[in-house]
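Tertiary structure, described
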Amino acid sequence: MGAIVKLSSLGDVIHSTIVLPLLAEKGERLTFFVDQSFSEILEGNRWVQEVVPVPLREIKKERNLRQLLGTIRELGHYSFEKVVDLQGLIKSGVLSWIISKKGGKRIGGTPSRERVAELFYTRKVPVNPNWVATERYMGIAGVYNREFLIEHPPLLQFEQRNFPELSKNRPNVAFVIGSTWECRKLPVESWVQIGKGLKGANLIIPYFGEEEKEYGAQILEKVGEGHLVQYRLGELKSLLSQVDLIIGHDTGPVFIGWANNIPNLILYTCTYRNKILENRYCRSVEVQRGQVDRRLFNSHLIDPRIVLKELEKLL
């Protein structure tokens with residue numbers, strides 16, 4: 001039995017699910033270690049035997065030494081023959097070392113994101129600098145398959161629920177407007193033009209927190225109709241897996257569309273396309289190329305008319 005370590009962030013955890021069916025095909029029984037904040041995204045995953053939520057964000061926020069020591073003690077009960085660290089940070093390297101069996105394999109990529117993490121690996125897999133994130137995860141896990149990236153099955157399982165916001169006679173379109181980086185966010189007016197261009201669509205905007213709620217409310221007020229929704233991550237996974245189209249910033253929930261083959265358009269403003277390969281379900285619009293710079297507030301450069309043209313190609 002082996003373990004996958006990918007603690008955060010939400011989008012990265014979703015991207016890493018690309019390796020699960022391929023490892024399962026090889027007969028691997030997997031335990032997935034993920035930050036507690038994101039564990040719901042993996043609930044019910046048919047290629048994972050166990051999901052272990054690790055409360056690192058909570059520990060960091062609360063600065064709770066007792067909780068940290070208790071967590072380390074609990075993790076020490078695991079003993080895996082093989083651990084694959086897809087994160088490449090010191091914290092994931094240390095975790096890989098804690099949960100591995102004495103003499104077991106600990107595999108990670110090189111160069112890792114934090115080079116000290118490599119001290120904890122027994123095997124370092126060279127990572128091609130031209131690979132997108134999903135290719136990198138496949139390479140580290142030893143299941144590289146570029147064709148699979150273009151044509152993969154739905155990667156996230158979800159509970160089929162009836163959401164009152166979903167229309168039965170109109171296309172359901174979700175706008176994923178949130179982001180932890182302010183520079184990623186489109187101006188309200190850009191979203192309004194996109195919304196008005198999607199004539200006849202039933203718009204749904206998920207939000208987290210009051211600031212996003214206000215942002216979404218401004219969009220819907222000017223578009224004229226739609227739904228603001230606030231759901232837990234597991235419920236949001238189900239909702240976004242049942243819509244007809246997702247449009248969103250380069251942020252975690254938008255990649256639910258990529259994972260589950262829901263038509264989706266990703267808007268890259270102060271980030272760039274270095275995460276997934278586009279396929280028939282997924283397209284993107286990009287402003288910035290080269291080095292990511294959070295100081296560049298250039299989201300206004302994304303022309304809503306170009307977005308609508310890309311949607312025509314996608315649909």
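Here we look at the packing of helix 8 (residues 188-197) against helix 9 (residues 210-223)
In the contact formed by helix 8 and helix 9, the axes pass within 9 Å of each other and the chain directions differ by 45°. Viewed along their axes, helix 8 and helix 9 adopt a mutual orientation that is oblique. Judged by the twist between their axes, the crossing of helix 8 over helix 9 is right-handed. Judged by residue contacts, V188, E189, W191, V192, G195 and K196 of helix 8 engage Y215, Q218, I219, K222 and V223 from helix 9. Among the residues making up the contact of helix 8 with helix 9, the classes are represented as six nonpolar, two polar and three charged.

Focus on the sheet that holds strand 11 (residues 264-268)
Overall, parallel pairing links the six strands, which are arranged 9-8-7-10-11-12 in an open sheet. Sheet topology places strand 9 (227-229) and strand 12 (282-286) at the edges, where each strand pairs with a single neighbour. Averaged over all adjacent pairs, the angle separating strand axes in this sheet is 20°, with direction ignored. Bridge analysis of strand 7 (residues 172-176) against strand 8 (residues 202-206) gives three bridges, and the strand direction is parallel. Its bridge partner lying in strand 8, N172 is registered against N202. Helix-sheet contacts for helix 10 (residues 233-240) involve strand 7, strand 8, strand 9 and strand 10 (245-249), and the interaxial angle to strand 8 is about 160°. Packing of helix 12 (residues 304-314) onto the sheet brings it into contact with strand 10, strand 11 and strand 12, and relative to strand 12 it is tilted by some 165°.

Description of the packing of aromatic side chains
Using the criterion set out here, one finds seven aromatic pairs in the structure. Where F33 meets Y78, the ring centres are 5.2 Å apart and the plane angle is 80°; that geometry is what we call edge-to-face. Within this pair, whereas F33 is found in strand 2 (residues 30-35), its partner Y78 is found in the loop between helix 4 (65-75) and strand 4 (80-85), the two being separated by 45 residues in sequence. Classification of Y78 as partly exposed rests on a relative accessible area of 23%. Aromatic pair F33 and F80: ring centres 5.8 Å apart, planes at 90°, arrangement edge-to-face. In this pair, F33 is assigned in strand 2 and F80 in strand 4, connecting sequence segments 47 residues apart. Among the aromatic residues, those joined into a cluster by ring pairs are F33, Y78 and F80.

Describing the environment of L314
Its place among the elements puts L314 in helix 12. As for L314 and S284, which are separated by 30 residues in sequence, their C-alpha atoms are 9.9 Å apart. Leave out the neighbours within four places in its chain, and L314 touches L245, P263, N264, L265, R280, Y281, C282 and R283.

The rules behind the values
The residue numbering used here restarts from 1 in each chain and proceeds along that chain's sequence as written. Restriction of local features to residues with pLDDT of at least 70 applies here, the model being predicted, together with a cutoff of 80 or more for giving and counting side-chain atom pairs; totals for whole chains, interfaces and linings are based on all residues. Side-chain descriptors were evaluated using all non-hydrogen atoms of the structure, hydrogens and water having been removed beforehand. Fitting a line to C-alpha atoms yields each axis, with helices limited to the stretch in contact; the angle taken between N-to-C directions then spans 0 to 180 degrees. Strands are runs of DSSP state E lasting at least 2 residues, helices are runs of H or I lasting at least 4, and numbering of each runs from the N terminus. Roughly parallel refers to an angle under 35 degrees, roughly antiparallel to one over 145, roughly perpendicular to one between 65 and 115, and oblique to any angle outside these ranges. Left-handed describes a crossing in which the near helix is turned anticlockwise from the far one by less than a right angle; the clockwise case is right-handed. Contacts: residue pairs with any heavy atoms within 4.5 Å of one another. All residues other than Ala, Val, Leu, Ile, Met, Phe, Trp, Tyr, Cys, Pro, Asp, Glu, Lys and Arg, Gly among them, are scored as polar; the first ten of these are nonpolar and the last four charged. Note on pairing: two strands pair once DSSP finds at least 2 bridges between them. Within 6.5 Å between ring centres, the rings of Phe, Tyr and Trp (the latter by its six-membered ring) count as paired, and their orientation is classed by plane angle as stacked under 30 degrees, edge-to-face over 60, tilted in between. Relative accessibility decides the category of a residue: with a 1.4 Å probe and only protein chains considered, values under 20% of the type maximum give buried, values over 50% give exposed, and everything between is partly exposed.

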